[in-house]
Amino acid sequence: MKIYKSIFYVCSLFLLVAFTTVSNITEPTKKYKCMVQLKNYEGEGAYVVVSVVDKNDQYLKTVQILGDDKKWYADLSTWWSFFEKAKQPNTDAITGATIAGGERSIFVFQLNEKDLNKGYKLRFETAVEQQDYHLKDLEISLDNNNLKDKHEGTGYIRYVRILPN
Amino acid sequence: MLHKIWRYSHFYLTVSSSLFLFLAATTGAILAFKPIQEKRQPYHIKNAENTALSQVIDTLKNKYEEVLDLEVDANYFVKATVFGSEESGQFYINPFDGSKLADIPKSNTFFESIINFHRSLFLKTTGRIFVGITSFLLFLIAITGLLLAIKRQGGFIKLCSKIINDKSIQYSHVTLGRLLLIPIIIISFTGTYLSMEKLSLLPKNKVSSITNTSQNKKVIPFSKFTIFKETRLKDITKLEFPFSTDEEDYFILNLHDKELKIHQKTGDIVQTTHYPFVKILSVLSFNLHTGNGSILWSLVLFISSLAILYFMYSGTVITIKRLGAKTKNKYKADEANFIILIGSENGGTKRLGKVLQQALLKAHQKVFLDDLNNYQQYPNAEQLIIITSTYGQGQPPSNAHLFLKKLEQIKIERPFDCHVIGLGSLSYPKFCEFAKNIHKQILSKDKMNTSQKSPLLIHNQNYEQFRNWVLEWSTSLKFILDIPKELSTKKQKETVFKITDKQNIIDEYDETFTLTLSPVKHKKFNSGDLLGITPPKENSERLYSIGSHQKGNILLSIKKHSHGVCSNYLNNLNIDDVFTGNIQQNKEFHFPKKAKHVILIANGTGIAPFLGMIHQQTKANVSLYWGTRTYQSENLYKHLITEALHKGTLNKYEATFSKEVTQYNYVQELLEKDEKNVINTLQNNGTIMICGSIIMRDDVFIQLEKICKKYDLPSFETYKTNGQILTDCY
């Protein structure tokens, strides 16, 4: 019995340590469900990139990339110059397929809680092969009240809906 | 010009698109393996596609916190985007328990770049336009090819009838073309359609949706929705779950032909949008063009791509042949004494005309060479020579269809001599029909004199026969023509042979002898091939049918003619003597590889090739019928025949002797006696091979025809055209 007890203690200690380490590394995040609905335009599927930018329009983090062919990333030139240097690890998890005109896409993204209510913005930028690039198709300021409801886009995006999860 | 429009368009369309077509076909052949590779992925759970949608929704909702969407592809692989405590993201699932099967594999970069090249040549929109146009041209090429094939076969209904195998590259071009016409039309059409779609050239349809207002207020769980219960996984392409619990957010269900919006509380279909035809066609085009979801169709696409490459090759060969046959004249039509008119479909016949033209030019004669269609007045003509092939079912070849009419209309001022030479193949039922027609019409013209009772008809471009005629003709005109011994620029390879054995037998009628030859250097040949021997100081070669003896030796069987130059030359050779000859492959008279019944019929020295064949290892039942004059002559071959009977490679041997017990016992009588064997052979796709004199062949034909009639078999002609009757007669 003694042996079992000691194993139990060791295990709980180990778990405790493990959990505290994990929570030390990851900052508290919040999940949001997001739907992007595009306008009815002709042509190839649109590349949509969602990023967090600060008050001075500096990119902080890429949240979601719709479009998996890196060849076209350069079309979103402003973001690309940031993204190329940032070398953000593991973008596979936040990458999805392009959306065609009139179609929509639903995905879930995560935000650091410390980024909220600081005047940062969530930027949706779009580009279509052989067509236009909309740097600020849509920008949503990151505060708790704003991160729900429907927001109208100005470029290829008809609207975006966000829902805290 | 109009009758050639399809040929010209077929040709120019291909030339103009050849580079892109080549690239597209090559990459297309590689891409055919993409759907095959995809289909072989282990993401398909057996019978999962028949599960009701309601069941899958239930499973997923229970297993995960949040379900965003569900997709089913052509391979019935099921993808879901979900969020849960264990697994999140998009991945392949097992629809029965909702568990994760595998991550979505990254797209294969190799195939991706080939696809990119295939549809846009790495040139983005410009490339897409090129590829789209090429695809459309391929469609036109296929259609013009079809029209040409219809013309060649002699009508739309005959398109499906047997194409006569004349062993030319045209044959394979036409046969393969007919076989792959439909896949190629599909490939080109769908390719064009997909390009048009990408270039936004398709007509824009207004999408109409039918909206129903829901009367029902009862809230029921998802899994009880009628639509979900009635729909199976294989019916859907995608299901999007409602974005929020808000009533305004619907389920969006994509079926193969429509999109439904489903109320998330009541399960009513709120809106139905039928896809426009353009979109359904797009999906169909995509699947047909890529082979998506079907290994079998992918293989058809692969074969078609390779076939396109082959067509480009064979088409080039045909074109080179045709262009090579273009003519240049030194003398004008009105000053020439010798007129050569050619009727040729692909230029093969024209080569003979050119040889004759060159020979006459060398002899300082004024010659004019032209197509039959360009027939006109020839004020100085003394000799008119018409060389023509026949197209299809006895029709004139493409450059001769106007000739007969012109011949009627054009007045001849000064009479001249006329000769007709027909080229053709005995495997066509209407052998040299057009040449015969011309000859008939010329006979009725008073100012055209012809000494021929019937035109000279040449089988399979036998140049020797043509050359002999030319020599005879020129001698009759009292001048000598220097006409090349061989037509082909390729010099035939001479082989040195050593005589290893010689046997001869003299009976009261003939002197016959056999020679066993062994090539000094190793040389491959088969029984039934021909050995060409040109005796010293002679120009023309004689052809002997050879039997291949087991030790790699050649067996020749020769009758000595008292004045025969060649037979005497050979007879004067002794064992260990050496002489040269050339072996000519004669595929039309080789022992059949597949037939189960083979009958060999020969008279006299015609037995030579059979002496080799009866020793060949085979599963077939082989009978040999031989007609000769005396018992004595049999002694020459007796040991070889008994040996074959003993080994079992020959199952039956019958001989008849025309000058022994009773007079006039001929080989055809042996057939009459053995009718059953003949019927059996003909009915079971067996082969009858005949070698010997032409008189014997004709008698045998008559006998076989009788047997066919007597036993209600298909006509003897059918067997002849089938290639079941092989002959090598002289």
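All values reported here derive from a predicted model rather than from experimental measurement. Each chain has its residues counted from 1, following the order in which its sequence is written. Written order determines the labels here, with chains lettered from A and ligands numbered from 1. Note on the predicted model: pLDDT of at least 70 is required for a residue's local features to be given, and 80 or more for side-chain atom pairs to be given and counted; whole-chain, interface and lining totals, by contrast, use all residues. With hydrogens and water excluded, all non-hydrogen atoms of the structure serve as input to the side-chain values.

**Description of the overall build of chain B**
Link 1 in the chain: Helix and strand assignments follow DSSP, with helices taken as H or I runs no shorter than four residues and strands as E runs no shorter than two, numbered in order from the N terminus. The helix and strand inventory of chain B stands at 20 helices and 27 strands.
Link 2 in the chain: Burial classification: accessible surface area is computed with a 1.4 Å probe over protein chains only, and a residue below 20% of its type maximum counts as buried, one above 50% as exposed, and the rest as partly exposed. Residues classed as buried in chain B amount to 49% of the 730 residues present.
Link 3 in the chain: Sequence-distant contacts, at least 24 apart, represent 69% of the contacts inside chain B between residues at least 6 apart.
Link 4 in the chain: For chain B, the accessible surface area stands at approximately 37000 Å², while carbon and sulfur atoms represent 55% of it. It only takes one pair of heavy atoms within 4.5 Å for two residues to be counted as in contact. The method behind every accessible area is Shrake-Rupley, applied with a 1.4 Å probe, and residues are considered shielded solely by the protein chains displayed.

**Structural notes on the confidence of the model for chain B**
Link 1 in the chain: Scored by pLDDT, chain B comes out at a mean of 85, with 96% of its residues at no less than 70.
Link 2 in the chain: For this predicted complex, the interface confidence score (ipTM) comes to 0.73, while the overall pTM stands at 0.61. On a range of 0 to 100, pLDDT expresses the predictor's confidence in each residue.

**A look at helix α3 (residues 53-63) of chain B**
Link 1 in the chain: Burial in α3 of chain B covers these residues: Leu53, Ser54, Val56, Ile57, Thr59 and Leu60 of chain B.
Link 2 in the chain: In the core, the buried residues of α3 of chain B are packed alongside β1 (66-72), β3 (88-93), α7 (226-230), β6 (236-240) and β7 (250-255) of chain B.

**A few points about unusual backbone geometry**
Residues and elements named next belong to chain B.
Link 1 in the chain: Not every positive phi belongs to a glycine, and Phe122 is a case in point at roughly 60 degrees.
Link 2 in the chain: With respect to the helices and strands, Phe122 occurs in the loop between α4 (109-120) and α5 (124-153).
Link 3 in the chain: Backbone geometry places Cys432, a non-glycine residue, at a positive phi of 55 degrees.
Link 4 in the chain: Its location among the elements puts Cys432 in the loop between β13 (416-424) and α12 (433-443).

**Quick look at the interface of chain A and chain B**
Link 1 in the chain: Between chain A and chain B, the contact holds 20 residues from the first and 19 residues from the second.
Link 2 in the chain: By definition, the buried area sums, over both parts, the 1.4 Å-probe accessible area that each loses when the two are put together. Summing the contributions of chain A and of chain B, the shared interface buries around 1700 Å²; its carbon and sulfur component is 46%.
Link 3 in the chain: Definition used for salt bridges: Asp or Glu carboxyl oxygen within 4 Å of a side-chain nitrogen of Lys or Arg. One can count 6 salt bridges joining chain A with chain B.
Link 4 in the chain: Between Lys198 of chain B and Glu44 of chain A there is a salt bridge whose closest N-O contact spans 3.9 Å.
Link 5 in the chain: N or O atoms closer than or at 3.5 Å make up a polar contact, with two conditions inside protein: a donor-capable atom paired with an acceptor-capable one, and, for residues adjacent in sequence, both atoms drawn from side chains. There are 5 residue pairs in polar contact (both at pLDDT 80 or more) connecting chain A and chain B.
Link 6 in the chain: When contributions to the side of chain A that touches chain B are tallied by element, the ones reaching two or more residues are β1 (29-38), β5 (104-112) and β9 (157-164) of chain A.
Link 7 in the chain: Throughout this entry, Asp, Glu, Lys and Arg are counted as charged residues, while Ala, Val, Leu, Ile, Met, Phe, Trp, Tyr, Cys and Pro are counted as nonpolar. The remaining residues, Gly among them, count as polar. In the side of chain A that touches chain B, the residues fall into 8 nonpolar, 3 polar and 9 charged.

**Re the pairing of strand β9 (residues 269-274) of chain B**
Residues and elements named next belong to chain B.
Link 1 in the chain: Summarising the sheet, strand β5 (residues 209-211) and β9 pair through 3 bridges and their orientation is antiparallel. Directly across from Ile210, in β9, lies its bridge partner Thr272.
Link 2 in the chain: At least two bridges found by DSSP between two strands are what make those strands a pair. With 5 bridges joining them, strand β8 (residues 258-263) and β9 adopt antiparallel strand pairing. By the bridge assignment for β9, Leu260 is matched with Thr272.
Link 3 in the chain: From the end of β8 to the start of β9, which pair antiparallel, there are 5 residues, and Gly267 there has a positive phi angle of about 80 degrees.

**Points about the UniProt feature "transmembrane region" (unreviewed entry) in chain B**
Link 1 in the chain: UniProt positions are given in the numbering used here, feature names are shortened, and annotations may be inferred rather than shown by experiment. Here the UniProt feature "transmembrane region" (unreviewed entry) sits at residues 12-33, 129-150, 171-194 and 295-320 of chain B.
Link 2 in the chain: The distance separating the terminal C-alpha atoms of residues 171-194 of chain B is 33 Å; by composition the span is 100% helix and 0% strand.

**Describing the pattern of salt bridges**
Link 1 in the chain: Per the stated rule, a full pass over the model turns up 24 salt bridges over all chains.
Link 2 in the chain: Notably, a salt bridge pairs Lys33 of chain A with Glu66 of chain B, separated by 2.5 Å at the nearest N-O pair. A residue pair is termed interchain when its members come from two chains, as with Lys33 of chain A in strand β1 and Glu66 of chain B in strand β1. For the pair shown, Lys33 of chain A and Glu66 of chain B are each scored as buried.
Link 3 in the chain: Measuring nitrogen to oxygen at the nearest pair gives 3.3 Å for the salt bridge that ties Asp57 of chain A to Lys121 of chain A. Taken as a pair, Asp57 of chain A in the loop between β2 (46-53) and β3 (59-66) and Lys121 of chain A in strand β6 (residues 121-128) lie far apart in primary sequence, 64 residues in all.
Link 4 in the chain: By sharing partners, the salt bridges in this structure join Asp57, Lys121, Arg123, Lys136 and Glu139 of chain A into a single network.

**Some details on the packing of helix α10 (residues 348-362) of chain B against helix α13 (residues 463-476) of chain B**
Residues and elements named next belong to chain B.
Link 1 in the chain: Contact pair α10 / α13: the axes reach a minimum separation of 12 Å and the direction vectors enclose 35 degrees. The two elements α10 and α13 meet at a crossing, and its hand is right-handed. From α10, Leu352, Val355, Leu356 and Leu360 reach across to α13, where they touch Tyr463, Phe466, Val470 and Trp473.
Link 2 in the chain: A breakdown of the residues in the contact of α10 with α13 according to their chemical character gives 8 nonpolar, no polar and no charged. Axis definition: a line fitted to C-alpha atoms, limited for helices to the stretch in contact. Angles are taken between N-to-C directions and run from 0 to 180 degrees. Should the near helix be turned counterclockwise from the far one by less than a right angle, the crossing is left-handed, whereas a clockwise turn marks it as right-handed.

**A look at the packing of aromatic side chains**
Link 1 in the chain: We call Phe, Tyr and Trp rings a pair once their centres come within 6.5 Å, taking the six-membered ring for Trp, and we label the pair stacked below 30 degrees between planes, edge-to-face above 60, and tilted otherwise. In total, this model carries 43 aromatic pairs over all chains according to the counting rule given.
Link 2 in the chain: Summarising the aromatic geometry, the rings of Tyr73 of chain A and Phe83 of chain A are spaced 6.3 Å apart at their centres and angled 85 degrees between planes, so their arrangement reads as edge-to-face. With Tyr73 of chain A in the loop between β3 and α2 (77-86) and Phe83 of chain A in helix α2, this residue pair connects regions lying 10 residues apart in the sequence. In terms of burial, Tyr73 of chain A and Phe83 of chain A fall into one category: buried.
Link 3 in the chain: When the ring of Phe222 of chain B is compared with that of Phe225 of chain B, the centres are 5.7 Å apart and the planes differ by 70 degrees; the resulting orientation is edge-to-face.
Link 4 in the chain: Whether a charge sits over a ring comes down to the Lys NZ or Arg CZ being within 6 Å of the ring centre and within 35 degrees of the ring normal. It is Lys150 of chain A that lies over the ring of Tyr159 of chain A; its NZ or CZ is 4.3 Å from the centre.
Link 5 in the chain: Here the basic side chain of Lys279 of chain B rests over the ring of Tyr275 of chain B, its NZ or CZ set 4.1 Å away from the ring centre.

**Quick look at the nonpolar core**
Link 1 in the chain: Residues grouped as a nonpolar core are buried Ala, Val, Leu, Ile, Met, Phe, Trp, Tyr and Cys residues, joined through side-chain atoms within 4.5 Å. Counting residues in hydrophobic clusters, the biggest one holds 28 residues, and the most contacted among them are Val36, Phe109, Leu111, Leu122, Phe124 and Ile162 of chain A.
Link 2 in the chain: Secondary structure elements with two or more residues in this core: β1, β2, β3, β5, β6, β7 (133-141) and β9 of chain A.
Link 3 in the chain: Sequence-distant contacts of Leu111 of chain A, defined by excluding residues within four places in its chain, comprise Pro28, Thr29, Lys30, Tyr32, Val52, Val63, Leu116, Leu122, Leu142 and Leu147 of chain A.
Link 4 in the chain: Membership of the second largest hydrophobic core comes to 27 residues, among which are Ala595, Ile607, Met613 and Cys691 of chain B.

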